[in-house]
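Coordinates in review
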Amino acid sequence: MRTQFRLIVSLAVFALLLVACATPTAAPTEAPQVQPVATEEPAAPAEAVTIRMLVRPDEGGNVAKYAEQFKQETGINVAVDFVGWAEIHDKTVTTLASGGGGYDIVFIPNANAFEFASGGWFEPIDDMIPAAERDLWLAAVVDMYTHEGSLIAMPWYSGGAHFVYNSEILEKAGVSPEEVVTWDDFMAACQKIKETSAAEFCFSPSAKYPGNFYYNFGSMVRSQGETFFDAEGNPTFQNGQAALNVMEMYDTGIKEGYFDPAGIALDDYETLIAFGTGKTAFMINSTWSATQANRNAELSAVTGNAGYILIPGAGEVRSGGYIYAGGLGLLKTSEHKAEAKQFLTYLTSEEAQKHHAMEGGNLPTRVALFTDAEIAAAWPGFETLAAQLPYGEFPPKFLWFEEWRRSAASAVQDVMGGRKDPQAAIDWLVEETNRLKAQ
Amino acid sequence: MGSIAVPKPPRRYMSRRKREDLILAAILLAPATLIIALVTLYPFLRSFWISLHKWNLSRPQEGRPFVGLDNYIQTIQDPLFLDSLQVTLMFVVAAVTLEILLAIGIALMLNRPFRGQWLMRMVALIPWAIPSVVNGIMWKWILNPSYGSLNGLLYSLGIIDQYIIWLGDPKLALAMVVVADIWKETPFIMLLFLAALQTIPHDLYEAARVDGSTAVQSFFHITLPLIRPTLFVAVALRTIWALKSFDLIYTLTAGGPSSGTTVVGYYTYLKSFVSLQLGRGASVAYIMTFAVLLLVIVYQRALYREVRY
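Parameters and conventions
Residues numbered from 1 in each chain as written. Chains lettered and ligands numbered in written order. Predicted model: local features only at pLDDT ≥ 70, side-chain atom pairs only at ≥ 80, totals over all residues. Helix = DSSP H or I, 4+ residues; strand = E, 2+ residues; numbered from the N terminus. Rg over C-alpha atoms; globule rule 2.2 N^0.38 Å. Buried ≥ 20, exposed ≤ 12 C-beta atoms within 10 Å, placed from the backbone. Contact = placed C-beta atoms within 7 Å. Nonpolar A, V, L, I, M, F, W, Y, C, P; charged D, E, K, R; others polar. Domains from an automatic or database assignment. Core = buried A, V, L, I, M, F, W, Y, C linked by C-beta atoms within 7 Å. Pairing = 2+ DSSP bridges. Axes fitted to C-alpha atoms, helices over the stretch in contact; angles between N-to-C directions. Left-handed = near helix turned anticlockwise from the far one by under 90°. Parallel < 35°, antiparallel > 145°, perpendicular 65-115°, else oblique.

On to the overall build of chain B, then. If you tally the helices and strands in chain B, you get 13 helices and zero strands. Reading the helices (α) and strands (β) of chain B from amino to carboxyl end gives α-α-α-α-α-α-α-α-α-α-α-α-α. Relative to a compact globule of 309 residues, whose C-alpha radius of gyration would be 19 Å, chain B shows 26 Å and is clearly more extended. Along the longest, intermediate and shortest principal axes, the C-alpha atoms of chain B span 105 × 75 × 30 Å. The 309 residues of chain B split such that 33% are buried.

Here the focus is the interface of chain A and chain B. Each partner contributes residues to the interface: chain A has 24 residues there, and chain B has 20 residues. Of all the secondary structure elements, the ones that give two or more residues to the side of chain A that touches chain B are helix H3 (85-97), helix H4 (110-118) and helix H16 (401-416) of chain A. Among the elements that line the side of chain A that touches chain B, the one with the most residues is H16(A), at six residues. Each residue belonging to the side of chain A that touches chain B can be placed in one class, and the counts come to 10 nonpolar, seven polar and seven charged.

Residues and elements named next belong to chain A. Taken as a whole, chain A is organised into domain 1 (50-159 + 324-390) and domain 2 (160-322 + 394-438). Here the C-alpha centroids of domain 1 and domain 2 sit 28 Å apart. Opposite the 20 residues of domain 1 that make contact, domain 2 presents 20 residues. Those elements giving two or more residues to the side of domain 1 that touches domain 2 turn out to be H4, helix H5 (139-144) and helix H15 (382-388). Residue classes in the side of domain 1 that touches domain 2 are distributed as nine nonpolar, nine polar and two charged.

With that out of the way, let us pick up the nonpolar core. Side chains of a nonpolar character, in soluble globular proteins, are inclined to be buried together. Of all hydrophobic cores here, the largest spans 174 residues; its most connected members are A:Ile105, A:Val164, A:Cys202, B:Val177 and B:Phe193. The greatest single-element share of this core, amounting to 12 residues, is contributed by helix H7 (residues 170-197) of chain B. Looking at which domains feed residues into this core, each of domain 1 (50-159 + 324-390) and domain 2 (160-322 + 394-438) of chain A supplies at least three. Dropping the residues within four chain positions of it, B:Phe193 is found in contact with B:Ala103, B:Ile104, B:Ala107, B:Ile227, B:Thr230 and B:Ala234.

All names here are of chain A. The residue Val63 is located in helix H2 (residues 60-74) in this model. Taking C-alpha positions, Val63 is 44 Å from Gly240, a pair spaced 177 residues apart along the chain. Setting aside residues up to four positions removed in sequence, Val63 forms contacts with Val55 and Val80.

With that settled, consider helix H10 (residues 268-276) of chain A. All names here are of chain A. In terms of burial, H10 is largely enclosed, as seven of its nine residues are buried. Along H10, the positions that sit buried rather than exposed are Asp268, Glu270, Thr271, Leu272, Ala274, Phe275 and Gly276. Contact partners of the buried residues in H10: strand E6 (154-166), helix H8 (211-222), strand E8 (280-286) and helix H11 (287-295). Of the residues trailing H10, Gly278 is marked for its positive phi of about 85°.

The next point concerns the pairing of E6(A). Residues and elements named next belong to chain A. Here E6 lies mainly inside the structure; 13 of its 13 residues are buried. Of the strand pairs in this sheet, E6 and E8 are connected by five bridges, and their pairing is antiparallel. Within the sheet, the bridge partner assigned to Phe163 lies in E8 and is Ile284. Judged from the four bridges that link them, E6 and strand E9 (residues 306-309) form a sheet pairing that is antiparallel. Across the sheet, residue Val164 finds its bridge partner in E9, namely Tyr308.

So, about the packing of H2(A) against helix H13 (residues 350-359) of chain A. All names here are of chain A. Two elements in contact, H2 and H13, have axes separated by 10 Å at closest approach and are oriented at 145°. Judged by the sense of rotation from one axis to the other, the crossing of H2 with H13 is right-handed. Seen from H2, the contacting residues are Gly61, Asn62, Lys65 and Tyr66; seen from H13, they are Ala352, His355, His356 and Glu359. Taken together, the residues that form the contact of H2 with H13 break down as two nonpolar, four polar and two charged.

Time to look at the packing of helix H4 (residues 117-129) of chain B against H7(B). Angle between the axes and distance between the axes are the two parameters that describe a pair of packed helices. Residue and element names in this part refer to chain B. At a closest axis distance of 7 Å, the pairing of H4 and H7 adopts a crossing angle of 130°. With respect to H7, the axis of H4 lies oblique. Viewed along their axes, H4 and H7 form a crossing whose handedness is left-handed. In this structure, H4 contributes Ala124, Leu125, Pro127 and Trp128 to the contact, and H7 contributes Trp183, Lys184, Pro187, Phe188, Met190 and Leu191. Partitioning the contact of H4 with H7 into residue classes produces nine nonpolar, no polar and one charged.

Next up, the structure:
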């Protein structure tokens, strides 16, 4: 009896499950539509192709606009997954390592280009920028995305470190931005700003990883004409003066009250917010942040007062700094390579890049757009930002470089926090470089 | 030679009902067992296997050669790992001790009848309901040196005369991470203690009071011995969770400044997902696993006692 009861209950549950899993049938319409009789044998409808893309959200507006336009023109869908800047590296690495996650196009920041390319996950796309057309693109960016002789990503945008000032503060202090040509001029301007109490601080440093190297320490050293490593990755910065000068500048800046000590715990985004409060006269930041300081009232209270000059140099060296780029790579595992290439061409076209630039985020990668009058009119300060780019270079491509950047940030933090003197911090960083290189 | 007939042991028949129950139990347990094997056992064994190989995601051309215990040796010799062990130890000891003490104190307060007791119990649990990442971001804003609310509050109360860079010094930053962790995790431990306190018969306290026992004596001679099993669970759980802390550090300090808040969990992340050395990352995870096992055994011996009323 008990067994029979169990059997009945089991059958009932099974029947219910079957009902629940069944595909629901459409409710009947009031009047069934009459299908037109086909005069010819209809072709089987082509299955709609959907390209999947993994990208950061900063360029979301541009991607959405051109994805929609692309769909209307070609019938190909573009599904985009946006992942924030802080998480995109980890998300991308795990996606690539696990076979591509069904994506066709993946965003490659230049900082990870070598790392991702070394994994062999990307399709060579040399045919997308033939040799005859290479001159149309920023050579440095194309080179950055060329791995072992093959182009692995379409150059999408570019940018770099820029020197931003608050015109109101400089005017109050009697400092002309054109006078700030070398780092000595900069420190003299800081002294003036302090003496006149024109601002709480002269400079907002950014000592926290990941922004520190690109937008502070690295660019401040590079702007004095020196580099950090030789071709094999051996440290060279201890042999010159620039790295020590910069560390001494941090030290003096903090001790004299020129630099905001809070910068020890601020990354580049937080530095933008600090500059945006109007309490500091200068900051070094990315193209995106430099632009936001002047244009985005949600992030900055000094919109309209943020101006740009070249990053100061030293001696004969006028300027320098590190630049960055964003590229779009085609995965080897993509099942829609032809369609994905079509979209890559579309999104990196002159029109799309111009739209992106006019929105004021990052600089283009097509040479012709750097002299575009419409972009210059829509983007205040565009000429100066664009003028900084040729002084810059990409950071070195070593697999241990990401870890090294953390160590460099630690060295700067130690100096700013008074835990190490400038020379000791440089010595420690040399040891760290050798350790990371050897592992 | 005559053979001796050995009597067969009586065959133990299982009743049909019992057999059916056993089969049913096995069928019902099968999906859970399968899932546990898939999501726990397989990764556990697989990650151990990975830890014995040199596996660098960004160098697939090098393959995944078997290196034995080389990853473990390299990890133990890495100065950053040794620093992170020290940081982890300080973090765990400070956070767990303060959380346990605070949780017992709050639980004792909430165990006493008062008006609005139920509301206070619910309010006290709110921090625990906040996701860890949100907690990290929230504290990052609170502790911001330029516009953080903690500086604003202390400045307006006249306690400080200039803003403090809470996350600018390695020791202070670690202390702030401990504060953020305490704020988030204490409510859960408090809940455990509150549940344990409610199981203690009131007669014991009344008898002690009649015998002239003070509140402190009652706490040490009645409450504490009777909540000892819960204390073991709380200390063990919190130690395990604190040892594998990652999300709070990731969002609040990113291991800085000067690696002052790089705990072992964060170090594991750096090796696995920044350096992409999966073998090294797995070896660190295993070292931590054994450390946790060891600690739990020590705790069990030191704290766990069966309670009989």
